[in-house]
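# Commentary on secondary and tertiary structure
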Amino acid sequence: SLSAILSKFRPKNRNEKRQKFDSSETNQDFISNLPTEVIEDILKRLPMTKVAQMGMLSRRWRDCWLSHRYLTFDDSFWCKHQIAGINDKHDWEKINQKINKILSHQNVPVQKFHVHLPNDRNQLVAYLSCSTWLFKLSKIGVKKMILENLHKLEDMPFLVFSCKELMKLKINHYTITYLPRDFEGFVHLRSLVLSKIVFGHGVFRRLLAKCPKLIELRIEWLIGMSHLVLDVPTVEYLTIKGDFDSIDFVNVQGLKCVSVGFFHPANFFMIDAFLRLASSSKIQIRIISTRTDFGSDHLCLEYNEFYKSNHLRRVRITGIVGRKIEFNFIEYILTSSIVLGHLLIRVEGVDILAKAKPSTGADFKSITRAQI
Amino acid sequence: MASSSSSSLSRVVVKSSDNNLFVVNKKVASQSQLLKQCIDNMEEKGTNDVILIPLSNVTSNILTLVLEYCEKHADFADDDNNNQELKQWDHEFLKKFDYATLNSLTMAADYMVTKSLLNLCCQFIADSIKDLTVQQIRQIFDIKNDFTPQEEADIKNENAWAFR
């Protein structure tokens, strides 16, 4: 009966298709005899220019290149089109043609489409046929899209909203004034990163309402938004970077992990919002970690759901370098958490440790309540 | 699991293509989705016997390596705090092999559905290709040029941008 079970597994693992593999029998060239999915797995980890170069090895590798579904026109791609080695001058026209050409080969769903627009000071208009590409992608399907604009702020191409199969979307430095009237939503979207985006009135909220399967949401440095309202019941991983005057957690019942980065470390409005979130009994929270980037430093808080006493019980703070602001932060956490039981503070770097030690001792003498 | 705990297995026996037997404890075997599914399936049926899983595609020297990897990762399965140590171990583990072994190991990881080992191998291969020229890749991996002169001229022309 075991062989019956194994044979049931075999088609699933596509065993029949495979040749016998053994190091002593590998007389054919290495890697060419790997299964296509494995070769694809290797190639997706390489810069696209390397994959293009490898297209010249043999027919097999040319075919791999032509069917490469990870289209990454990132800065390493742009570097290849630099004019006479000047950093901020690229041949936009040639790049445009190149992307047109590469996309014209594609007729199966694209796994990844990444376009980077560099900050060319002399390039007045970022003229690229984005709409043509997006039109094609919306027809053949695209799973992951990254639009990274380091050039001037501009309107996000509308055809992004036509890419209904998107599972991951990351957009950087665009304006979204309104949603297209016929926008049906990103019904498959799992991960959304919004970075330096200017939203028209109510657009942020309506966009999120149209992502019914969203699990990961990252909001970074939104431009011109002071009140953040989050109505995202499916989101489990939330990252918020940048400052807001207020954060309103309307519906965040799926939340498992929150990471926060403040621009002004003294922004306790935001910390308050998260402390309230942590103490609300209605919300199931496993861990909240807030991470603050003061340059290379990280602060990290941890709330634990296993203590249902509605108060902060465990805090983990790492990467302390001994700055005043960090002690203010710790003090704030200590004074606002009545039942704090565990506090872990990790100081990073040996030199820094020596500097930080005396003041650490002094600061904690005044705080006797918590067990440190 | 629907079956009673009395029928849960603690060990399985895995047979390599060259007929060597390996006794593997369940936690270690579970690192491979293929083995795990075999075990789950047998447990559902309530078998008490030690099961033998023949892997007709994997030789014993490669299977030894896969199991060494699984054993290490099973040890770390419960705590992710030691990630750094495990990463270091992973790196040292792959560094030892020649490309032919790495090739077979990658195939075995794919076949046995040991996703983390497959990822590790793919990343390792990608990292070693990354800084090589096309000529070096051709030599090291012994890849034969099977283009007709016309095809080669076409692709050269087409992909010239990548060589700037």
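So, how was this worked out
- Residues numbered from 1 in each chain as written.
- Chains lettered and ligands numbered in written order.
- Predicted model: local features only at pLDDT ≥ 70, side-chain atom pairs only at ≥ 80, totals over all residues.
- Heavy atoms only, no water.
- Helix = DSSP H or I, 4+ residues; strand = E, 2+ residues; numbered from the N terminus.
- Contact = heavy atoms within 4.5 Å.
- Pairing = 2+ DSSP bridges.
- Buried < 20%, exposed > 50% of the residue type's maximum accessible area, 1.4 Å probe, protein only.
- Domains from an automatic or database assignment.
- Buried area = accessible area lost by both parts, 1.4 Å probe.
- Salt bridge = Lys/Arg side-chain N within 4 Å of Asp/Glu carboxyl O.
- Phe/Tyr/Trp six-rings, centres within 6.5 Å; stacked < 30°, edge-to-face > 60°.

## Describing the environment of H188 of chain A
All names here are of chain A. Summarising the element assignment, H188 is placed in the loop between β6 (174-176) and β7 (191-195). Spatially, the C-alpha atoms of H188 and S226 are 29 Å apart, while their sequence positions differ by 38 residues. Not counting residues within four places of it along the chain, the set of residues in contact with H188 comprises K164, E165, L166, M167 and K213.

## Here's the deal with the environment of I83 of chain A
One can find I83 of chain A in the loop between α5 (75-79) and α6 (92-105). Excluding anything up to four places from it in sequence, I83 of chain A contacts K89, H90 and D91 of chain A.

## Side note on the sheet that holds strand β4 (residues 154-155) of chain A
All names here are of chain A. With respect to topology, three strands assemble into an open sheet ordered β4-β6-β8, the strand pairing being parallel. Of all the strands in the sheet, just β4 and β8 (198-199) have a single pairing partner and so form its edges. Summarising the sheet, β4 and β6 pair through two bridges and their orientation is parallel. What sits directly across from D155, in β6, is T175.

## As for unusual backbone geometry
Positive phi is not limited to glycine here, since W221 of chain A has a value of about 45°. For W221 of chain A, the position within the fold is in the loop between β9 (216-220) and β10 (227-231). A relative accessible area of 35% places W221 of chain A in the partly exposed class. Phi at V113 of chain B takes a positive value of approximately 50°, unusual for a residue other than glycine. With respect to the helices and strands, the residue V113 of chain B is situated in the loop between α5 (99-111) and α6 (115-130).

## Things to note about the domain arrangement of chain B
All names here are of chain B. Domain annotation for chain B reports domain 1 (11-130) and domain 2 (132-164). Distance from the C-alpha centre of domain 1 to the C-alpha centre of domain 2: 35 Å. Listed per partner, the contact involves four residues of domain 1 and four residues of domain 2. Note on domain 1 versus domain 2: buried area summed over both sides is about 350 Å², and carbon and sulfur give 72% of it. For the domain 1 face of the interface with domain 2, the top three residues by lost area are Y99, S128 and I129, together amounting to 88%. Inspection of the domain 1/domain 2 interface yields zero salt bridges.

## Brief notes about the interface of chain A and chain B
Listed as interface residues are 51 residues of chain A and, on the opposing side, 56 residues of chain B. Interface of chain A and chain B: buried area, both sides summed, is about 5,200 Å²; carbon and sulfur atoms make up 62% of it. On inspection of chain A and its partner chain B, the count reaches three salt bridges. Of the charged contacts in the structure, one is a salt bridge between E151 of chain B and R62 of chain A, with a shortest N-O distance of 3.5 Å.

## Section: the pairing of strand β1 (residues 70-73) of chain A
All names here are of chain A. Side chains Y70 and T72 of β1 all project onto a buried face; the interleaved residues L71 and F73 project onto the opposite face, where all are buried too. Direction of pairing for β1 relative to strand β2 (residues 110-117): parallel, over a ladder of four bridges. Paired with L71 across the bridge in β2 is F113.

## Remarks on the packing of aromatic side chains
Taken as a whole and judged by the stated rule, the model has 17 aromatic pairs over all chains. Relative to F186 of chain A, the ring of F161 of chain A lies with its centre 6.1 Å away and its plane at 20°, an arrangement referred to as stacked. A residue pair is termed long-range when its members are at least 10 positions apart, and F161 of chain A in the loop between β4 and β5 (168-172) and F186 of chain A in the loop between β6 and β7 qualify at 25 residues. Classification of F161 of chain A by relative accessible area gives buried; the value is 6%. For the pair F183 of chain A and F186 of chain A, a centre-to-centre distance of 5.1 Å together with 70° between the ring planes defines the contact as edge-to-face. Taken together, W65, F73, F77, F113 and W133 of chain A together with W161 of chain B form an aromatic cluster joined through their ring pairs.

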